[in-house]
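One-letter residues, chain by chain:
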Amino acid sequence: MTAAGTPAAAAAVVAAAALAAPARLGGVRLLAVDGPSGAGKSTFADRVVEALRARAARTVLLRTDDFATWDDPVAWWPRLRDGVLAPYAEGRPGRYRRVEWPDGRPVPGEYVDVEVPDVLVLEGVSAGRASVRPSLAHLSWLPGPDAATRLERAVARDGEPSRAPLTRWQAFERGWFAIDQPHLRADTSFGAGQLGDS
């Protein structure tokens, strides 16, 4: 389904759909917001979290950026699975170690404890990957604008030194999405321009 309207209305659609879906991760509804870098996923996920909390749903937001690095764009998944998803499936709180970037280099950061929510919003590249789809209540896909525009957005966010690694990242994610195909499995999809400047 492709949803349209204002960003707030689109977020409300996704929140309502996730809450209406059955929980497939223990008692937790797992909502993934996936798409390429610079597509507006973070802003949209923030809006979805607001919409969920407005409906009194206890909500945790995790970002794949807390796990991924330039050299490890997707293979970090077992840390999320073992630290958060597997405990949630058993009704237990989760814990993970966040990646931090002092001086522009990734290092192991602080441990983060996460209580069991009603909804876990997982945002970022590969959030809706094939291995987690059986546990998803909802998958939202944001392709964003063209690659050049997305690159400039990401560089504006992360700084000019990130341009070269972001360019390599874009090449990787094109191959990843061609194989993993989350856009073909999405419950909602928002094309370029449907979410305003998000």
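Our subject is the structure listed above.
These notes cover the structure that comes with them.

### A look at the packing of aromatic side chains
Right, so step 1: Applying the stated criterion across every chain yields a total of eight aromatic pairs.
Right, so step 2: Aromatic pair Phe44 and Phe190: ring centres 5.0 Å apart, planes at 55°, arrangement tilted. Of this pair, Phe44 sits in helix α2 (residues 41–54) while Phe190 sits in the segment after β7 (188–189), placing them 146 residues apart in sequence. The two residues Phe44 and Phe190 agree in class, both being buried.
Right, so step 3: For the ring pair Phe172 and Trp176, a centre distance of 6.4 Å and an interplane angle of 20° mean the geometry is stacked. One end of the pair, Phe172, and the other, Trp176, are both in helix α5 (residues 163–180), four residues apart, so they sit about a helical turn from each other.

### Some words on the pairing of strand β3 (residues 94–100)
Right, so step 1: Relative to strand β4 (residues 107–114), β3 is paired through six bridges, and the arrangement is antiparallel. Residue pairing for β4: Arg97 is matched across the bridge by Tyr111.
Right, so step 2: Between β3 and the antiparallel strand that follows it, β4, lie six residues; Asp103 among them carries a positive phi value of about 60°.

### Thoughts on the pattern of salt bridges
Right, so step 1: For the structure shown, the criterion picks out twelve salt bridges.
Right, so step 2: A salt bridge links Glu123 to Arg63, with the shortest nitrogen-to-oxygen separation between them at 2.9 Å. Of this pair, Glu123 sits in strand β5 (residues 119–123) while Arg63 sits in strand β2 (residues 59–63), and the two are 60 residues apart along the sequence.
Right, so step 3: Where salt bridges share partners, they join Asp46, Arg63 and Glu123 into one cluster.

### Observations regarding the side chain of Ser126
Right, so step 1: Relative to the assigned elements, Ser126 resides in the loop between β5 and β6 (136–141).
Right, so step 2: One polar contact links Ser126 to Arg129, side chain to side chain, over a distance of 2.8 Å.
Right, so step 3: Those residues within four positions of Ser126 in sequence are excluded, and the remaining contacts are Asp34, Val74, Trp76, Trp77, Trp176 and Phe177.

### Remarks on α2
Right, so step 1: When the terminal C-alpha atoms of α2 are compared, their 20 Å separation across 14 residues agrees well with the 20 Å that a helix rising 1.5 Å per residue should span.
Right, so step 2: If you check which residues of α2 are buried, you get Lys41, Phe44, Ala45, Val48, Val49, Ala51 and Leu52. Buried residues along α2 cover an arc of 165° about the axis, so they all sit on one side. Turned more than 90 degrees from where α2 packs its buried face, Glu50 and Ala54 sit exposed.
Right, so step 3: Buried residues along α2 sit in contact with α1 (7–20), β1 (29–34), β2, β5 and β6.
Right, so step 4: Just downstream of α2 lies Ala56, where phi reads positive at about 65°.

### Topic: the sheet that holds β2
Right, so step 1: The strand order β2-β5-β1-β6-β7 describes an open sheet built from five strands, whose pairing is parallel. The open sheet is flanked by β2 and β7, the only strands paired with a single partner.
Right, so step 2: Bridge count between β2 and β5: five bridges; the pairing is parallel. Bridging from a neighbouring strand, Thr59 pairs with Val119 of β5.
Right, so step 3: Strands in contact with α1 are β1, β5, β6 and β7; relative to β6, the strand with the most contacts, it is inclined by about 160°.
Right, so step 4: Most of the contacts of helix α3 (residues 77–89) go to β5, to which it runs at about 170°, and overall it touches β1, β2 and β5.

Here is what the cut-offs are and how they apply
- Residues numbered from 1 in each chain as written.
- Predicted model: local features only at pLDDT ≥ 70, side-chain atom pairs only at ≥ 80, totals over all residues.
- Heavy atoms only, no water.
- Phe/Tyr/Trp six-rings, centres within 6.5 Å; stacked < 30°, edge-to-face > 60°.
- Helix = DSSP H or I, 4+ residues; strand = E, 2+ residues; numbered from the N terminus.
- Buried < 20%, exposed > 50% of the residue type's maximum accessible area, 1.4 Å probe, protein only.
- Pairing = 2+ DSSP bridges.
- Salt bridge = Lys/Arg side-chain N within 4 Å of Asp/Glu carboxyl O.
- Polar contact = N/O pair within 3.5 Å; in protein donor to acceptor, adjacent residues only side chain to side chain.
- Contact = heavy atoms within 4.5 Å.
- Expected span 1.5 Å × (residues − 1).
- Arc of directions from axis to C-beta.
- Axes fitted to C-alpha atoms, helices over the stretch in contact; angles between N-to-C directions.

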